[in-house]
Amino acid sequence: MTPAFTSTYGSLPDALFSRQSATPVASPAWIAVNTDLAGSLGLPADWLGSDPALAVLGGNAEVPTALAQAYGGHQFGSWNPGLGDGRALLLGEIVSPTGHRFDLQLKGSGRTPYSRGGDGRAALGPVLREYIMSEAMAALGVPTTRALAAVQTGESIYRDAPTPGYTPGAILTRVASSHIRVGTFQLRAYHRDISGLRALFDHTAARHFPTAQGPADLLSEMMTRQADLIARWTALGFVHGVMNTDNMLVCGDTIDYGPCAFMDSYHPQSVFSSIDRQGRYAFANQPQIALWNIAQFASSLVPLMPDADRAIKEFTGTINTFGDLYQSAKDRLMTAKLGLPCTPAAVALVDRLLRIMMDIGADYTLTFAALDRPLNHPDHLDWLRDWHALRPDHDQIGRTNPQVIPRLHQIQTVIDAATEGDFAPFRALLAATTAPMTANADFQNPPLPHQQVAATFCGT
Ligand code: AMP
Ligand code: MG
């Protein structure tokens, strides 16, 4: 009854991973199961939610294909060759009825050779945060990893932040098109492991870029996906928070919902991560950082090319087009939010509105969800007049701008209640945010001053 996992990743050279079992937990119990997702993946009916599934997704069953992936990464700009799945396990892969291959990964499943000082576990709060954020992003049409299940371990774990103390442990089952990161390539290149790098490249090309004719082509397709992805984040006011190269998937899906947030009031320099003191990963910096990460990816592909100097020249030419790619993707999405075709006049209106919103700290989501509502700003009446003059398509506005996004303060409420054993707020917020286009008075409001959450923490 348990699905048979395959493992194409496991046939790559040994340096790319370590075979590893999950560390069993005291008493696993379901928090949430995503039956819709299970259905679209073609998992056996009734498996998810069953005791055998709980043993597998709680880490208490042997899964022969399980492994921890090795990777490196630039963390806040500094190279670290010692990363990898320190608290995660790739259980294996499944092929959906539509022929797409997906990874099933446990997050919080115990120590691995890449755990460094960590306990290999995940705390309940971050597991619930990732569950809600990733499912909301999927419902908003953003390429992303998904949440298939969340399980309580029945064990307590110690965390320093946000306040030092014990907190319930949990395990998230994450589904991804793959978990191949920019940092996975970087680590092979760093070790001058050319045969490993080539095997990883061939695997990635076959899996995600079947039409790419070699590294230059793959780089350019990967970059196009990233430009589109970051533009979608921008259009939704989403701040990823920790865009290290180990947190960027080559396939172009969003991954690692740690210190992330949707902005409430609009400001381009919004930062939420408690450890991002310089604002490196601020909202407005995300396109530049993506480009920086793509440049690291390009560098790691150079050893695959016959002539390094020519490759660097060619790759540089490719990378230099990122700005235009991003800008046109963003302009398309932002003008659509105003219900307008992408013309220079519409783009100018977007800029004027954002300026107004920044001046008064208007709520990002609510402003676009109700564009006709007057804002308390001297330029807004003129803006409304000029916008109406372009005859916006209101149906399109309704289809494009979400009414409900998971807000930081709501996630905090969910986590606080769940830590006390009450999961009703989690289920309610999940239901509201996975129907983002439906007006919902209970979940639309921005935080009151005393509800505002200033920072989020990585500490899964
Ligand atoms: P992140 O910043 O969450 O993407 O994680 C960065 C690195 O730290 C990855 O290699 C993780 O596997 C590792 N890591 C994070 N938390 C833990 C933990 N509790 N135990 C072991 N490794 C961890
Ligand atoms: Mg990560």
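Residues numbered from 1 in each chain as written. Chains lettered and ligands numbered in written order. Predicted model: local features only at pLDDT ≥ 70, side-chain atom pairs only at ≥ 80, totals over all residues. Heavy atoms only, no water.

Peer 1: A description of the overall build of the protein chain should follow, citing residues and the corresponding values.
Peer 2: Counting its secondary structure elements, the protein chain contains 15 helices and eleven strands. For 460 residues, the compact-globule formula gives about 23 Å, and the C-alpha radius of gyration of the protein chain, at 22 Å, lands near that figure. For the protein chain, the spread of C-alpha atoms along the principal axes amounts to about 65 × 60 × 45 Å. Within the protein chain, the fraction of its 460 residues that count as buried is 57%. (Helix = DSSP H or I, 4+ residues; strand = E, 2+ residues; numbered from the N terminus. Rg over C-alpha atoms; globule rule 2.2 N^0.38 Å. Buried < 20%, exposed > 50% of the residue type's maximum accessible area, 1.4 Å probe, protein only.)

Peer 1: Tell me about the packing of aromatic side chains, and please be specific about residues and values.
Peer 2: Here the structure, examined in full by the defined rule, presents 14 aromatic pairs. Arranged with centres 4.9 Å apart and planes meeting at 40°, the rings of phenylalanine 76 and tyrosine 281 form a pair that is tilted. With phenylalanine 76 in the loop between strand S3 (67-75) and strand S4 (78-84) and tyrosine 281 in the loop between strand S11 (261-262) and helix H7 (286-301), this residue pair connects regions lying 205 residues apart in the sequence. A relative accessible area of 28% means that phenylalanine 76 is categorised as partly exposed. Taken together, the aromatic side chains of Trp233, Phe238, Tyr257 and Phe262 make up a single cluster linked through ring pairs. We note arginine 280 situated over the ring of tryptophan 292; from NZ or CZ to the ring centre the distance is 5.0 Å. Directly above the aromatic system of phenylalanine 368 lies the positively charged group of lysine 337, at a separation of 4.7 Å from the ring centroid. (Phe/Tyr/Trp six-rings, centres within 6.5 Å; stacked < 30°, edge-to-face > 60°. Lys NZ or Arg CZ within 6 Å of the ring centre and 35° of its normal.)

Peer 1: How would you explain the site of ligand 1 if you had to name every residue and give the values?
Peer 2: Around ligand 1 sit 17 residues in total, of which Gly84, Gly86, Arg87, Arg116 and Gly120 are the nearest. Between ligand 1 and aspartate 119, the relevant distance is 3.0 Å, taken from a nitrogen atom to a side-chain nitrogen or oxygen of the residue. Asparagine 247 has a polar side-chain atom sitting 3.1 Å from an oxygen atom of ligand 1. When isolated, ligand 1 has an accessible area of 490 Å², and the protein chains bury 84% of it. Of all the elements in the fold, those that place two or more residues in the shell around ligand 1 are S3 and S4. Of the residues contributing to the shell around ligand 1, the split by class is two nonpolar, seven polar and eight charged. (Near = heavy atom within 4 Å. Polar contact = N/O pair within 3.5 Å; in protein donor to acceptor, adjacent residues only side chain to side chain. Areas by Shrake-Rupley, 256 points an atom, 1.4 Å probe, with all protein chains shown as cover. Nonpolar A, V, L, I, M, F, W, Y, C, P; charged D, E, K, R; others polar.)

Peer 1: A description of the environment of alanine 138 should follow, citing residues and the corresponding values.
Peer 2: By the secondary structure assignment, alanine 138 is in helix H3 (residues 124-139). Residues alanine 138 and threonine 254, spaced 116 residues apart in sequence, show a C-alpha to C-alpha distance of 9.7 Å. Not counting the four nearest positions on each side in its chain, alanine 138 is found in contact with Thr144 and Arg146. (Contact = heavy atoms within 4.5 Å.)

Peer 1: I'd like to hear about the coordination of the magnesium ion (ligand 2), residue by residue, with values.
Peer 2: A four-donor tetrahedral metal ideally has 109.5 degree angles, and a six-donor octahedral metal ideally has angles of 90 or 180 degrees. Surrounding the magnesium ion (ligand 2) are the protein donor atoms Asn247 (OD1) and Asp256 (OD), which sit 1.9 to 2.1 Å from the metal. Judged on exposure class, the residue asparagine 247 and its partner aspartate 256 are both buried. (Donors = N, O, S within 2.8 Å, 3.2 Å for Na, K, Ca; no water.)

Peer 1: An account of the side chain of histidine 203 is needed here, citing residue identities and associated values.
Peer 2: Residue placement: histidine 203 occurs in helix H5 (residues 194-208). When residues no more than four places from it in sequence are discounted, the contact partners of histidine 203 are Thr8, Tyr9, Leu12 and Ile180.

Peer 1: Requested: an account of H5, with residues and values cited.
Peer 2: The first and last C-alpha atoms of H5 sit 20 Å apart over 15 residues, in line with the 21 Å expected at 1.5 Å per residue. Of the positions making up H5, those classed as buried are Gly196, Leu197, Leu200, Phe201, His203, Thr204, Ala205, Arg207 and His208. (Expected span 1.5 Å × (residues − 1).)

Peer 1: An account of the state of the cysteines is requested, with residue identities and associated values reported.
Peer 2: One pass over the full model with this rule turns up zero disulfides. Between cysteine 251, a cysteine without a disulfide, and cysteine 260, which holds the nearest cysteine sulfur, the sulfur-to-sulfur distance is 17 Å. Since its relative accessible area comes to 7%, cysteine 251 is described here as buried. (Disulfide = S-S within 2.5 Å.)

Peer 1: Lay out the pattern of salt bridges in plain terms, naming residues and giving numbers.
Peer 2: Tallied over the full model, the rule gives 19 salt bridges. Notably, a salt bridge pairs aspartate 256 with lysine 107, separated by 3.4 Å at the nearest N-O pair. With aspartate 256 in the loop between strand S10 (238-239) and S11 and lysine 107 in strand S6 (residues 101-107), this residue pair connects regions lying 149 residues apart in the sequence. Of the two residues examined, aspartate 256 and lysine 107, each falls in the buried class. In this structure, aspartate 382 engages arginine 385 in a salt bridge whose closest nitrogen and oxygen atoms are separated by 3.2 Å. Here aspartate 382 and its partner arginine 385 are both found in helix H12 (residues 380-389), three residues apart, which amounts to about one turn of the helix. Judged by relative accessible area, which is 37%, aspartate 382 ranks as partly exposed. Each of Glu93, Arg101, Asp103 and Arg207 takes part in one network of salt bridges that share partners. (Salt bridge = Lys/Arg side-chain N within 4 Å of Asp/Glu carboxyl O.)

Peer 1: Which residues make up the environment of proline 168, and what values do they have?
Peer 2: Counting through the fold element by element, proline 168 comes out in strand S9 (residues 165-176). It is 32 Å that separates the C-alpha atoms of proline 168 and tyrosine 9, two residues lying 159 residues apart in sequence. Beyond its immediate chain neighbours, meaning those up to four positions away, proline 168 contacts Ala122, Ala123, Leu124, Gln152, Glu155, Ile157 and Thr419.

Peer 1: Can you tell me about H7, naming the residues and giving the values?
Peer 2: With 16 residues, H7 should cover 22 Å at 1.5 Å per step; its first-to-last C-alpha distance of 23 Å lies within 8% of that length. Buried within H7 we find Gln286, Pro287, Ile289, Ala290, Asn293, Ile294, Gln296, Phe297, Ala298, Ser300 and Leu301.

Peer 1: Quick one: what's the story with the nonpolar core, residue by residue and with numbers?
Peer 2: Core analysis: the largest hydrophobic core is formed by 77 residues, its most contacted members being Ile31, Phe185, Phe297 and Phe426. Not counting chain neighbours up to four residues away, the residues in contact with phenylalanine 185 comprise Ile180, Leu197, Leu200, Phe201, Thr204, Val250, Phe297, Ser300 and Leu301. By size, the runner-up hydrophobic cluster in this structure holds 29 residues, among which are Ala53, Leu54, Leu57 and Ile171. (Core = buried A, V, L, I, M, F, W, Y, C linked by side-chain atoms within 4.5 Å.)

Peer 1: Any details on the pairing of strand S8 (residues 146-159)? Residues and values, ideally.
Peer 2: Direction of pairing for strand S2 (residues 29-33) relative to S8: antiparallel, over a ladder of four bridges. Paired with alanine 29 across the bridge in S8 is glutamine 152. Here S8 folds back onto S9, and the loop between the two strands holds five residues. (Pairing = 2+ DSSP bridges.)

Peer 1: How would you explain unusual backbone geometry if you had to name every residue and give the values?
Peer 2: Residue alanine 161 is joined to proline 162 through a cis peptide bond whose omega torsion reads 0°. Among the secondary structure elements, proline 162 is positioned in the loop between S8 and S9. A positive phi angle is found at aspartate 256, which is not glycine, with a value near 70°. The backbone phi angle of arginine 391 is positive, close to 55°, even though this residue is not glycine. By the secondary structure assignment, arginine 391 is in the loop between H12 and helix H13 (394-400). What makes arginine 391 exposed here is its relative accessible area of 74%.

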